[in-house]
Amino acid sequence: LANIAVLVLGVLVFLVVMALNDFDFNKFLGAAEPLSTEETSSEAPSADPAAPFTDSEAINVLLLCSEEKGVTFCDIVSFSAAENSIRVKPVSPELKLESGGASRLAEIFYNFGAAEVARALSEKYVAIHRYISVNEAGFRKLVQGFGNVDVYVPNPVDFSVDAIRYQYGKGTHSMSSDALLAVMKQGYEGDDALAFQAAAVAAILKNALTKETFAKGESFFTELVNQVDTNITAFDHAGYAARLEAFMAREPEFSVIS
């Protein structure tokens, strides 16, 4: 369903609004701690990997897209009320994490799913408060629900997938959901691929987080729980519609962090 786009992104913004209004985020979602099977250590995460996340009070949501049981892309979307920003941090499927021994993120997802990936990231990297996992078909529908996405192509790409040629010069292009996912998967390699994937997610969020998006009603959240793999629970949307609109009026900054 195309409405999955509204559902996923509406919930993400709602999380930020809760922090913006001094609402107890963990109490609201029925969890006392960020994702972890152990008590949170009194020690802060190591300085280097946590450095891009400049607001320790930000709400961090793992967004993972997959095909079969392989990771297509993985990002942390960090919402900061204090800094009025929404930042997207790419995470490599090759990142080594601890899950019954050192394992690649992709292996953890293959064996245990997105919940364990979120837990492992919380333990080593930065607190992940909630996760959303969607397959490629769902991602295409998500993007399609908001129309074409304007995304900046940092270097020319030219490749073919199933006899369809994708050719984009350097600059901003309006892409369909199919084209966008194709470039995210095939357009670049290594760090360049991670950077473009995060930029694409940021562009999707910016395209989708509008006043109209949040006027759809509380049915978004109930339907979300049934359509995606997530640990975000259903809640009463009606009481917070004004807060959602207030957050959007602040025009938060969208950016990619490395």
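Look up a bit, the structure's there.
The structure presented is a predicted model; accordingly, all values stated were derived computationally and were not measured.

About the cut-offs
- Residues numbered from 1 in each chain as written.
- Predicted model: local features only at pLDDT ≥ 70, side-chain atom pairs only at ≥ 80, totals over all residues.
- Heavy atoms only, no water.
- Axes fitted to C-alpha atoms, helices over the stretch in contact; angles between N-to-C directions.
- Helix = DSSP H or I, 4+ residues; strand = E, 2+ residues; numbered from the N terminus.
- Parallel < 35°, antiparallel > 145°, perpendicular 65-115°, else oblique.
- Contact = heavy atoms within 4.5 Å.
- Nonpolar A, V, L, I, M, F, W, Y, C, P; charged D, E, K, R; others polar.
- Polar contact = N/O pair within 3.5 Å; in protein donor to acceptor, adjacent residues only side chain to side chain.
- Pairing = 2+ DSSP bridges.
- Core = buried A, V, L, I, M, F, W, Y, C linked by side-chain atoms within 4.5 Å.
- Buried < 20%, exposed > 50% of the residue type's maximum accessible area, 1.4 Å probe, protein only.
- Phe/Tyr/Trp six-rings, centres within 6.5 Å; stacked < 30°, edge-to-face > 60°.
- Lys NZ or Arg CZ within 6 Å of the ring centre and 35° of its normal.
- Salt bridge = Lys/Arg side-chain N within 4 Å of Asp/Glu carboxyl O.

Asker: What's the story with the packing of helix α7 (residues 177-186) against helix α8 (residues 190-208) in this structure? I'm lost.
Answerer: A packed helix pair is summarised by two numbers, namely the angle formed by the two axes and the spacing between the axes. The contact between α7 and α8 brings their axes to 9 Å, and the two run at 155°. In terms of axis orientation, α7 runs roughly antiparallel to α8. Contact with α7, carried on its side by Leu180, Val183 and Met184, involves Phe196, Gln197, Ala200, Val201 and Ile204 of α8 and no other residues of that element. Taken together, the residues of the contact of α7 with α8 sort by class into seven nonpolar, one polar and no charged.

Asker: I tried to follow the side chain of glutamate 116 on my own but got confused; where do I start?
Answerer: As for its position among the elements, glutamate 116 is in helix α5 (residues 114-124). A distance of 2.7 Å separates polar atoms of two side chains, one belonging to glutamate 116 and the other to serine 99. Leave out the neighbours within four places in its chain, and glutamate 116 touches Ser99 and Ile108.

Asker: So what exactly am I meant to see when it comes to the side chain of serine 255 here?
Answerer: Looking at where serine 255 falls in the secondary structure, it is placed in strand β12 (residues 253-256). Ignoring any residue separated from it by four or fewer positions in sequence, one finds serine 255 in contact with Ile86, Arg87 and Val88.

Asker: So what exactly am I meant to see when it comes to the sheet that holds strand β2 (residues 70-80) here?
Answerer: Sheets are built from strands paired through backbone hydrogen bonds, the pairs being either parallel or antiparallel. Taking strand neighbours across the sheet as the criterion, the six strands line up as β11-β6-β1-β2-β3-β12 in an open arrangement whose pairing is mixed. The open sheet has two edge strands with one neighbour each: β11 (229-230) and β12. Examined bridge by bridge, strand β1 (residues 59-67) and strand β6 (residues 130-135) share six bridges and lie parallel to one another. Counterpart to leucine 64 in the pairing with β6 is serine 133. Against the sheet, α5 makes contact with β1, β6 and β11, and its axis sits at roughly 140° relative to β1, the strand it touches most.

Asker: I keep staring at the nonpolar core and nothing clicks. Help me out?
Answerer: Across soluble globular proteins, nonpolar side chains show a tendency to be buried alongside one another. Counting residues in hydrophobic clusters, the biggest one holds 42 residues, and the most contacted among them are Phe139, Tyr168, Met175, Leu180, Met184, Phe196 and Val201. At nine residues, the largest contribution of residues to this core is made by α8. In contact with phenylalanine 139, not counting residues within four places along its chain, are Cys65, Phe73, Val134, Leu181, Met184 and Ile204. Ranked by size, the runner-up nonpolar core spans 22 residues in total, among them Leu62, Ile108, Ala114 and Tyr125.

Asker: Where do I start with the packing of aromatic side chains in this structure?
Answerer: We describe a pair of aromatic rings using the distance from one ring centre to the other and the angle between the two ring planes. One pass over the structure, following the stated rule, counts four aromatic pairs. Plain terms: the ring middles of phenylalanine 159 and tyrosine 166 are 5.4 Å apart, the flat faces sit at 25° to each other, and that makes the pair stacked. This pair shows no difference in class: phenylalanine 159 is buried, exactly as tyrosine 166 is. Positioned over the ring face of tyrosine 110 is lysine 69, at 4.8 Å from the centre of the ring.

Asker: Is there a simple way to explain unusual backbone geometry in this structure?
Answerer: The phi torsion of most residues other than glycine is negative, and most of the peptide bonds are trans. In this structure, glutamate 68 is a non-glycine residue whose phi angle is positive, near 60°. Positionally, glutamate 68 belongs in the loop between β1 and β2. Judged by relative accessible area, which is 73%, glutamate 68 ranks as exposed.

Asker: Is there a simple way to explain α5 in this structure?
Answerer: Since one α-helical turn is 3.6 residues long, residues separated by three or four positions face the same way. Across the eleven residues of α5, eight count as buried, placing the element largely inside the fold. Where α5 is buried, its residues meet β1, β4 (96-98), α4 (105-112), β6 and β11.

Asker: In this structure, what is going on with the pattern of salt bridges? I would like to understand it.
Answerer: Where charged atoms from two side chains of opposite charge approach closely, those side chains can pair. What the rule picks out here adds up to nine salt bridges. A salt bridge links arginine 140 to glutamate 136; the shortest N-O distance between them is 3.7 Å. Placement of the pair is arginine 140 and glutamate 136 together in helix α6 (residues 136-144), with a separation of four residues, close to one helical turn. Exposure remark for glutamate 136: the relative accessible area of 3% places this residue in the buried category. Here the residues in one salt-bridge network are Glu136, Arg140, Asp178 and Lys185, joined through shared partners.

Asker: What is the right way to look at α7 in this model?
Answerer: Most of α7 is tucked away: seven of the ten residues are buried. All of the buried residues along α7 are Ser177, Ala179, Leu180, Leu181, Ala182, Val183 and Met184.

Asker: What is the right way to read the pairing of strand β7 (residues 149-153) from this model?
Answerer: Successive residues of a regular strand alternate their side chains across the two faces of the sheet. What you see with β7 is a clean split: Val149, Val151 and Val153 sit on the buried side and Asp150 and Tyr152 on the side with no burial. With five bridges joining them, β7 and strand β10 (residues 171-175) adopt antiparallel strand pairing. Looking at the pairing, valine 153 lines up with glycine 171 of β10.

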